[in-house]
Amino acid sequence: QSLMVILKSLQDPRMHGQSLMVTSNATGGPPRMFTVGASPLKPYLPPPSSPELVPSSAWAGSRASHYKKLEVWKLSDQYDEAVRIVSKPMPRGDQIAEGHVLIKRLYCGVNASDVNFSAGRYFGERRAKAMLPFGAGFESVGVVVEKGKGVKMELGTPVATLEYGSFSEYGVQKASRCLRIPEASKEMVALLTSGLTASIALEVAGLKGRKTVLVTAAAGGTGQFAVQLAKIAGKHVIATCGSREKAELLRSLGADRIVQYKGPNKEDLAQVLKREYRNGVDLVYDGVGGEMFDVAVSNLAVRGKVLVIGQIGGGTYTSGWQQSMHAGVNEKLLWKGASVEGFFLLHHAKRFQGALTQLAALTRSGQLKVAVDPVEFRSLEDVARAVAHLHSGRSRGKVVVDLTAAAQVKL
């Protein structure tokens, strides 16, 4: 038992730099003092706690005859023009299909690709037009308020969903596709698309053997997690951002070198990398694209990798991204034995629950911080404004829409 305590201490980043005294009751020998250093092992994850059921007094009882839902009625990357709020009949308990649950959504996440989705790019223009109108939004957390036959999940269970149509006050979901979470909160929303992308993408790309990691758009929804997960893995992290406030956030998350590319403290990323990282960067976590991608490729280390998780700076969404023109990329990759790898979260659905459970455990243990943007959005009427806020470049952390007022739920 004592050995397990020691091993957990060695794996817990919060213990790094602390003194550890080990004594032996069996031999009576003198105690030995050690300093706990960074471990190559995976971080200690406390066992996940059971979900905290939302008390029935908070959500049970009569519900309105209708609920609000945001739908895409016009294919456009101008989000406020593409969507409208509609009223839908509230499903009754006997209308919930076998194996399904009715979820009261409490918080919804906003993502850069919401405008990609409203423009129909995920389906192709012809298919997207035939689907109109269709539900908007990718992710939400909420509570199970009704269930169909065969569902073992208790009413009041907090769940997360990664499904189209998440910008709605209620939704019917197949129970098997619900992700179990310890609580329904803004922080849990941030762990969905943003946290899962960082966690799974870094695992797929491989951190082993890599020393330096560059994270672009590092103060955004997914960037914040890439920074921290790379630090937990013992890597030197370079983080880019566009404002002093974002730089302060990244400093609090443990980034080793922050490059602010806008404002009075502006630095040129290419020059910083050439001057301070002459051997190049081992891994780049890039969600920007465009010129940032060029800089990343030009400054890769031997056998380095650019991990492409998005392209927020790569073009317009309505007509699709402009065809990338990156002169000399083949040559730069060839002589360094380097590579570029794309990552799309939905290809890794089987990993969702396991990765989410780990992220939640890291968060609850204090090893992982969750930055939620301080600007409040408190209804479906605010979604378009929230999307615009994210694309303005002023957001810090995950942008979340709070629907608890509509739910009349006290948490």
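Small disclaimer: the values here were computed from a predicted structure and weren't measured. (Residues numbered from 1 in each chain as written. Predicted model: local features only at pLDDT ≥ 70, side-chain atom pairs only at ≥ 80, totals over all residues. Heavy atoms only, no water.)

## Some words on the overall build of the chain
- Of regular secondary structure, the chain possesses 14 helices and 17 strands.
- Residues classed as buried in the chain amount to 50% of the 411 residues present.
- For the chain, restricting intrachain contacts to residue pairs at least 6 apart in sequence, the fraction spanning at least 24 positions comes to 68%. (Helix = DSSP H or I, 4+ residues; strand = E, 2+ residues; numbered from the N terminus. Buried < 20%, exposed > 50% of the residue type's maximum accessible area, 1.4 Å probe, protein only. Contact = heavy atoms within 4.5 Å.)

## What to know about the sheet that holds strand β3 (residues 66–72)
- Taken together, the three strands give an open sheet; going across it, the order is β4-β3-β6, and neighbouring strands pair in antiparallel fashion. Looking along the sheet, the strands with just one partner apiece sit at the ends: β4 (83–89) and β6 (134–135).
- Sheet analysis places β3 next to β4, joined by seven bridges and oriented antiparallel. Looking across to β4, one finds that V72 is bridged to V83. (Pairing = 2+ DSSP bridges.)

## Points about the confidence of the model for the chain
- Taken as a whole, the chain shows an average pLDDT of 85; of its residues, 81% reach a score of 70 or greater.
- Considering only residues more than four positions removed or in separate chains, one finds that residues 13–27, a stretch of pLDDT under 50, has 31 contacts. (pLDDT = per-residue confidence, 0-100.)

## Observations regarding the pattern of salt bridges
- On inspection of all chains with the given rule, the structure shows 20 salt bridges.
- When the shortest N-O distance is used, the salt bridge between E163 and R177 registers 2.7 Å. In this pair, E163 is assigned in the loop between β8 (158–162) and β9 (170–174) and R177 in the loop between β9 and β10 (179–180), connecting sequence segments 14 residues apart.
- By relative accessible area, R177 is classed as partly exposed at 49%.
- E276 is the salt-bridge partner of R257, the closest N and O atoms lying 2.9 Å from each other. (Salt bridge = Lys/Arg side-chain N within 4 Å of Asp/Glu carboxyl O.)

## Side note on the packing of helix α10 (residues 290–298) against helix α11 (residues 329–336)
- At a minimum axis separation of 10 Å, α10 and α11 run at an interaxial angle of 30°. Of the possible angle classes, the one that applies to α10 and α11 is roughly parallel. The crossing of α10 and α11 is left-handed. Listed contacts from α11 to F293, V297 and S298 of α10 are V329, K332, L333 and K336.
- Looking at side-chain class alone, the contact of α10 with α11 contains four nonpolar, one polar and two charged residues. (Axes fitted to C-alpha atoms, helices over the stretch in contact; angles between N-to-C directions. Parallel < 35°, antiparallel > 145°, perpendicular 65-115°, else oblique. Left-handed = near helix turned anticlockwise from the far one by under 90°. Nonpolar A, V, L, I, M, F, W, Y, C, P; charged D, E, K, R; others polar.)

## Section: the nonpolar core
- By size, the foremost hydrophobic cluster in this structure holds 54 residues, and its most contacted members are V141, L191, L196, V227 and L250.
- For L250, the residues in contact, after removing those within four places along its chain, are A218, A219, V227, A239, T240, C241, A255 and I258.
- One finds L75, F123, A386 and V401 within the second-largest nonpolar core, a separate group that totals 25 residues. (Core = buried A, V, L, I, M, F, W, Y, C linked by side-chain atoms within 4.5 Å.)

## As for the sheet that holds strand β11 (residues 212–215)
- Taking strand neighbours across the sheet as the criterion, the six strands line up as β13-β12-β11-β14-β15-β16 in an open arrangement whose pairing is parallel. Strand pairing shows two members of the sheet lacking a second neighbour, β13 (257–260) and β16 (339–342), which therefore form its edges. The mean inter-strand angle of the sheet, taken between neighbouring strand axes irrespective of direction, is 15°.
- The sheet contacts of helix α9 (residues 269–276) involve β11, β12 (236–241), β13 and β14 (281–286), and relative to β13 the element is tilted by about 150°.
- Each of β15 (300–308) and β16 touches α11; the most contacted strand, β15, lies at about 130° to it.

## Considerations on the side chain of E163
- Only 2.7 Å separates the side chain of E163 from the side chain of R177, close enough to count as a polar contact.
- Setting aside anything within four residues of it in sequence, one finds E163 in contact with G137, F138, E139, Q173 and R177. (Polar contact = N/O pair within 3.5 Å; in protein donor to acceptor, adjacent residues only side chain to side chain.)

## Some words on the packing of helix α6 (residues 186–205) against helix α7 (residues 223–232)
- The geometry of α6 relative to α7 is characterised by a closest axis approach of 9 Å and an angle of 45° between their N-to-C directions. Relative to α7, the element α6 is oriented oblique. Relative to α7, α6 is oriented so that their crossing is right-handed. Every residue of α7 that contacts α6 at A190, L191, S194, G195, A198, S199 and L202 is listed here: F225, A226, L229 and A230.
- Tallied by class, residues from the contact of α6 with α7 come to eight nonpolar, three polar and no charged.

## Some words on a nonpolar patch on the surface
- Taken together, Y164, F344 and L346 make up a surface patch of nonpolar side chains, about 280 Å² in accessible area.
- Within the fold, F344 resides in the loop between β16 and α12 (352–364). (Patch = residues over 30% accessible without salt bridge, like charges linked within 9 Å, V, L, I, M, F, W, Y side chains within 5 Å. Areas by Shrake-Rupley, 256 points an atom, 1.4 Å probe, with all protein chains shown as cover.)

## Digging into unusual backbone geometry
- Between L132 and P133 the backbone carries a cis peptide bond, its omega angle lying at -10°.
- As for its position among the elements, P133 is in the loop between α5 (125–131) and β6.
- Here the phi dihedral of R303 falls at roughly 65°; this positive angle occurs in a residue that is not glycine.
- The exposure class of R303 is exposed, given its relative accessible area of 62%.

## Section: α9
- All of the buried residues in α9 are L269, A270, V272 and L273. Buried positions in α9, seen along its axis, are confined to an arc of 165° and lie on one side of it. Looking at α9, the residues exposed on the side facing more than 90 degrees away from the buried face are Q271 and K274.
- One side-chain oxygen at the N-terminal end of α9 lies 3.1 Å from the backbone nitrogen of A270; it belongs to D268. (Arc of directions from axis to C-beta.)

## Structural notes on α6
- With 20 residues, α6 should reach 28 Å at 1.5 Å per residue; the first-to-last C-alpha distance of 28 Å fits that figure.
- Of all 20 residues that make up α6, 16 are buried, and the element is covered over most of its length.
- One or two residues past the end of α6 sits G206, with phi positive at roughly 90°. (Expected span 1.5 Å × (residues − 1).)

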